[in-house]
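# Observations on the three-dimensional arrangement
Listed below are the residues making up each chain.
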Amino acid sequence: MLSERDLPLRLIEERAFIDYLGPQDEPWLRVLLSEMARFEGRRRRELAERLAEPLPCEAPHFKRRAAARTLFGLWRRDPGERPPASEPARPTPAALREQIFAEAAAGERPAGAVIDTAAARLGLARETLLELLFADLPGERPVRAPDPPPTPAEAMLRTNLAIAQAVLMRASRVELRVEGGVRPIVRLAKLRGLLCTIADAAEGRRPILEISGPFSLFQHTLLYGRALAELLPHLAWCARFELRAACALRGRLGTVSFETGDPIFPAAPPIPFDSRLEERFARDLGRLAPDWDLVREPEPLRTGETLIFPDFLLRNRLQPQRRVLIEIVGFWTPQYLTAKLEKLRQVSTVCLLCIDEERACALGDLPPHLPVLRFRRRIDAAAVLREAERLTTGETSHAA
Amino acid sequence: MRLTFDRGTLLFADVPPELDLTQIPGVLWDERIGAPRAPARLCYPLVSELRRRGVPVADMPRPTLAPPSEFRPFELRPYQEAALAAWRQAGRRGVVVLPTGSGKTRLALGAIAATRTAALCLAPTRALCDQWAAALAAVWDGPVGRFGDGERVVGPVTIATFAGAYRHMAALGDKFGLLVVDEAHHFGAGGRGETLEMSIAPLRLGLTATPPAPGEAADRLGTLIGPVVFERTVGDLAGRYLAPLERVTWHLGLDPDERREHDALWAVYREARRAFEANHLGASWEDFLHDAARTDEGRRGLSAWRRARRILAYPRRKREALALLLGHHRAQRTLIFVADNQTAYAVAREHLVMPLTCDIGRAERLAALERFRAGELRALVSAQVLNEGIDVPDAEVGIVVAGRMGEREHVQRVGRLLRPGAGKRALAYELVVEGSSECRQAERRGARLALRTRPSA
C-alpha cells in the first residue's frame, strides 16, 4: 500500500480530489518502465535506489512516486543465479555468515585475514565472498519483471488503483450508490465483518448503501480501511456505482468520491451468474426485448430491518419508471411465497416471482392474483416480458 | 437487560423503556442497527454503573477462555513484588515503569499467575513475542496461543503482536480477562488505540521503560490501560539488580571532503526549512515533511537532509573510532547500534560482526543471539532490531554509531547493557560528529538518559 505521502491529491476545503494518472502520463510511464527493465537481474536494493531518483524526463512528482512504488511491488524477487553444475557447490549465505563471523570472533586475526582465508578455502575471489555474504537478503536479491511486463496503460490503471485504495484505507465508513452486481460487494463486506445498511435517499434517487464497521460509531478509525479499500476494484464490475467516503488525509477529514468510469484497475471478474438457469434467462430476454434492460443484482432494498437483494431488475429503456423486480425462487411452499410477496410489497417497485414447479415443497394452491410465473427447467422469457408489460401498464390479471 | 459482545463493541438488549442508555458516557445510539452500542473496554464499568442505578443485568460478556492454571513456582525480586502489589492496589489496572533488563516480563508472569484469568499479552514485534513464549514456557506447561504473522492459535495465555491484535481484536476481544501490554508507551502515541478499546478485559497491565511525559499521550495511556502505578529508574536498581553504567561520548570530526559535502547539503536543507518556517510558525517536523514534498525547493531540501544524514551515519572518523573500540573491547561482548541497515551491513563486512536486521530471518536471528549468549560471537550490529525489548544478556559494551529515532530509542538501546553480572560495569559509547545536528541530539539524549538513570525521589 502507498503511504499517505505518496498520494497525488488535492484537498480543497472539505473535499479531496485524486489526481489520477491518464493517457497524458503514458510517455513518462514508458520511460519509467524502460528504466525498470534496465535493472532486470540486478539487486532489488539498486532498483529501489534508482526509483528514488528522478527520471530522465519530466514527470509529475507524486504521480511518479506512486507509480514507482506500485510497479516496484510487481517486480518479483528472484531466488538468484545458481552456479553452473561444473562448479563446486557454494555454501548458502546464511551458512557462510555462521562460519565466518564465528571464525572472526574466535581468533585474534584481523577481519581481512579471516576473509582471505575463507575465500581461499572456498575457491572464491575475496570480492565474490563479500558479495555472497548477504546475497540472500531481500534487498540483495535480483529482481525480475512480471511476465508479460505491464504496458504503460496497465501501469497507469494499477497505479490509480493503488492510489485510490491508499486513500480509501483512511476511511472509516463509505456511502455507496450502486446498481448491478451489488450482491458480491455486500457479501465481501460482510465477510470482512462490516455492517451494511440502507440509508433513505431523496425522491427519485437510488438508495444509499452505507458500509462501516461496528467501531466506526465511536471515532474515525482506520480499523476497517483495508476491508473498505478491498471493495473498490470489485465495484468496477457493477453497472453503475458512486462511492463517497470521508478520509483522514494530511491531518484532517476530506470527502473523496469514486464513480463508474474512474480509471482504476478492476478486480478479477465475478462469476457472471449464479446458475445456468439465470444465464439462459438473461440471454433469452436480451434477444427478445431490445427495449428492456435487464440489470442483474440491482441495488438492495430495505424492508423493515432487513435487506433484500432481488435477482434482476427489468427496466424499460424508453420509460424508466416502468420497472419490475424479478426473483427466481428455488424450493418453495405457498406460505413461503405469500410471506415473501408480503415483504416485497413494502417496496415501491412491482415484483415478479419466477417459481420452479418441480421444486414445490408442499402441496396446496397458491392464493389467486399473486405476481407469480411458473416454469419448468427454463424460464420463459416471452412470458416474463408479457407479465412485465402487464404489471407496468396497470393490468391486474393473474399470470400463471 | 442483556449485554452482548459484537466485534469489539457491546450491544444492549431488553433495555427498560424508562432508561436512556445514551445518557451514560461512552454509550451511543447506533442508527445502523437501532440499538445502543458502547466500546468493549467499558463492559465492566458500564455493568457497575447499571447496577448502581438499580438496573438488573441478566447477562454480560465474560472472558470465554478457561484461565491458565498450575504455574511452576517462581520468585520475584522485591521491587517486582512491590510493583505487583501496587498494581493490585490500583484495582489491577495500570502501567509499571521499570528499566530495561529489570525483568518486566517476569513481573507480568507473576500478574498472570496471580490473577487466574485468561491473558492476552501484546508486544510490538514478532521477536518480542518469541521472547514472551520462551519466558512463559519456563514457568508454565500449558498451551500458549499465538496471534499475528499468519498464526491464529488461541490459548489461555495468548501472545500477539500489536499489528496482529489490531486486526483480530474484533474476534479476540471477549476471550480474555487480563491484557498485558509490553512496551505500552506505543499506545500513548495514538496509533491503534482501538486494539485496547475493543477488549472487555477489566484487568490491564502496561509495561514500559520509557513512559510518555505528562500530557495527551500519558492521558491516553491512562484511559486505555491505567495510570502509572509503580516506577523505578536505573538509578534505583543499579548495583544490585542492574549493572552500573558509564557513558562516554566521543566527539569526532569529518574529513575535509565529507565536511564540504555535508555543509553544502545542510545549507540546502536549512534554506528550505527557513522558507517553510517563515510561513508556518510553530509547525512540526511532520508538517515540514508534508509541505516539503509538494514543492521543488522542499524536495531538494529533504533530499539534501537525507544525504547529509547518510554522511553522518558512518563517516571515516566513525569507521576508525569503531575499529579502535572493537579492538580495545575485543574480550567483551559488544553491541553496535547504527542508523540504518546499509550501515549495519557495511560494519558487518568491515569488522565481520554479525548483523541483526529485519532482513535476517527469525531463526538465524535467534541462533545469532544464542551464539552471542554463549560467547561464540563477541559483537552484534543492529539498526533497529535490538532497540526495544529483545533480551540480550550480559553485553558489557554498547557503541552507538548513529541513531534515527531520538531520545527514547537511545534510552532503550543503552538499556540493553544493563543486565547485571558479577562485577559488571556497563560502558556506553556514543559517537557524535562535531559541528552537526548530532551534537544537539546527543545533548537531548543525554538529558533523557540522565532522567531515567537518576534514582527516583
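Residues numbered from 1 in each chain as written. Chains lettered and ligands numbered in written order. Predicted model: local features only at pLDDT ≥ 70, side-chain atom pairs only at ≥ 80, totals over all residues.

A separate point is the overall build of chain B. Secondary structure summary: chain B contains 17 helices and 18 strands in total. Computed over C-alpha atoms, the radius of gyration of chain B comes to 25 Å, within 12% of the 23 Å expected from 2.2 N^0.38 for 457 residues, which places it in the range of a compact globule. Dimensions of chain B, computed from C-alpha atoms along their principal axes, come out at roughly 80 × 60 × 45 Å. The burial tally for chain B puts 49% of its 457 residues in the buried class. Counting only contacts in chain B whose residues sit at least 6 apart along the sequence, the fraction spanning at least 24 positions is 74%. (Helix = DSSP H or I, 4+ residues; strand = E, 2+ residues; numbered from the N terminus. Rg over C-alpha atoms; globule rule 2.2 N^0.38 Å. Buried ≥ 20, exposed ≤ 12 C-beta atoms within 10 Å, placed from the backbone. Contact = placed C-beta atoms within 7 Å.)

Regarding its fold elements, chain A presents twelve helices and 16 strands. Relative to the compact-globule value of 21 Å for 400 residues, chain A shows a C-alpha radius of gyration of 30 Å, a clear excess of over 25%. Viewed in the frame of its principal axes, chain A has a C-alpha envelope of about 100 × 50 × 45 Å. For chain A, buried positions account for 33% of its 400 residues.

Pairing between the strands of a sheet is mediated by backbone hydrogen bonds and can be parallel or antiparallel. Residue and element names in this part refer to chain B. Spatial strand order, S8-S7-S9-S6-S10-S11-S5-S12: eight strands in an open sheet with mixed pairing. Bordering the open sheet on either side are strand S8 (151–153) and strand S12 (228–231), each of which pairs with just one other strand. Averaged over all neighbouring strand pairs, the angle between strand axes comes to 20°, with direction disregarded. Where strand S6 (residues 119–123) and strand S10 (residues 178–181) come together, four bridges link them in parallel fashion. Across the sheet, residue Leu120 finds its bridge partner in S10, namely Leu179. (Pairing = 2+ DSSP bridges. Axes fitted to C-alpha atoms, helices over the stretch in contact; angles between N-to-C directions.)

With that out of the way, let us pick up the confidence of the model for chain A. Looking at chain A as a whole, the pLDDT averages 86, with 92% of positions reaching at least 70. Low pLDDT, under 50, characterises residues 395–400 of chain A; the stretch is placed with ten contacts to residues that sit more than four places away or in other chains. (pLDDT = per-residue confidence, 0-100.)

Looking now at unusual backbone geometry. Between Asp147(A) and Pro148(A) the backbone carries a cis peptide bond, its omega angle lying at -5°. You can see Pro148(A) is positioned in the loop between strand S4 (143–144) and helix H7 (152–168). A positive phi angle, near 55°, is found at Arg92(B), a position not held by glycine. Given 20 C-beta atoms within a 10 Å radius, Arg92(B) is considered buried. Even without a glycine there, the phi angle at Glu183(B) is positive, about 50°. Examined against the element boundaries, Glu183(B) turns out to sit in the loop between S10 and helix H6 (185–188).

Once that is clear, we can look at the packing of helix H1 (residues 26–38) of chain A against H7(A). Residue and element names in this part refer to chain A. In contact at an axis separation of 9 Å, H1 and H7 are set at 100° when each is read in the N-to-C sense. In terms of their interaxial angle, H1 and H7 are classed as roughly perpendicular. Between H1 and H7, the residues in contact are Glu26, Leu29, Arg30 and Leu33 and Pro152, Ala153, Ala155 and Met156, respectively. (Parallel < 35°, antiparallel > 145°, perpendicular 65-115°, else oblique.)

Tallying the contact residues gives 28 residues for chain A and 29 residues for chain B. Looking at the side of chain A that touches chain B, the elements with two or more residues in it are helix H4 (93–106), helix H5 (111–122) and strand S6 (195–199) of chain A. The leading source of residues in the side of chain A that touches chain B is H4(A), at seven residues. Within the side of chain A that touches chain B, the residues separate by chemical class into 19 nonpolar, five polar and four charged. (Nonpolar A, V, L, I, M, F, W, Y, C, P; charged D, E, K, R; others polar.)

Moving on, we get to the pairing of strand S11 (residues 203–208) of chain B. Residues and elements named next belong to chain B. In terms of residue burial, S11 counts as a mostly covered element, since six of its six residues are buried. Burial along S11 is two-sided: Leu203, Leu205 and Leu207 facing one way and Arg204, Gly206 and Thr208 facing the other are all buried. The sheet contact formed by strand S5 (residues 93–97) and S11 spans five bridges and is parallel. Residue Arg93 lies in a different strand from S11, and its bridge partner there is Arg204. Here four bridges tie S10 to S11, and the two strands are oriented parallel to one another. What sits directly across from Val180, in S11, is Leu205.

Residues lying three or four places apart along an α-helix face the same way, a consequence of the helix completing one turn every 3.6 residues. All names here are of chain B. When the terminal C-alpha atoms of helix H3 (residues 104–115) are compared, their 17 Å separation across twelve residues agrees well with the 16 Å that a helix rising 1.5 Å per residue should span. Summarising burial for H3: nine of the twelve residues are buried, a large majority. All of the buried residues along H3 are Lys104, Thr105, Leu107, Ala108, Leu109, Gly110, Ala111, Ile112 and Ala113. Following H3 by one or two positions, Arg116 adopts a phi angle in the positive range, close to 55°. (Expected span 1.5 Å × (residues − 1).)

The next subject is the nonpolar core. With 201 residues, the main nonpolar core has Val96(B), Val180(B), Val338(B) and Leu380(B) as its most contacted residues. In terms of residues, this core owes the most to one element, H7(A), which gives ten residues. If we skip the residues at most four places from it in the chain, Val96(B) touches Ala83(B), Trp87(B), Lys104(B), Leu107(B), Leu205(B), Leu207(B), Val229(B) and Phe230(B). Of all hydrophobic cores here, the second largest spans 24 residues; its members include Leu325(A), Cys354(A), Val384(A) and Ala388(A). (Core = buried A, V, L, I, M, F, W, Y, C linked by C-beta atoms within 7 Å.)

Time to look at the sheet that holds strand S16 (residues 379–382) of chain B. Residues and elements named next belong to chain B. Across the sheet, which stays open at both edges, the six strands sit in the order S13-S18-S17-S14-S16-S15 with parallel pairing between neighbours. At either end of the open sheet lies a strand with only one pairing partner, and these are strand S13 (245–252) and strand S15 (354–356). For this sheet the average axis-to-axis angle between neighbouring strands, irrespective of direction, equals 20°. Two strands pair when backbone bridges link them, and strand S14 (residues 334–337) and S16 are joined in this way by four bridges, in the parallel orientation. In the strand pairing of S16, Leu335 is matched with Leu380.

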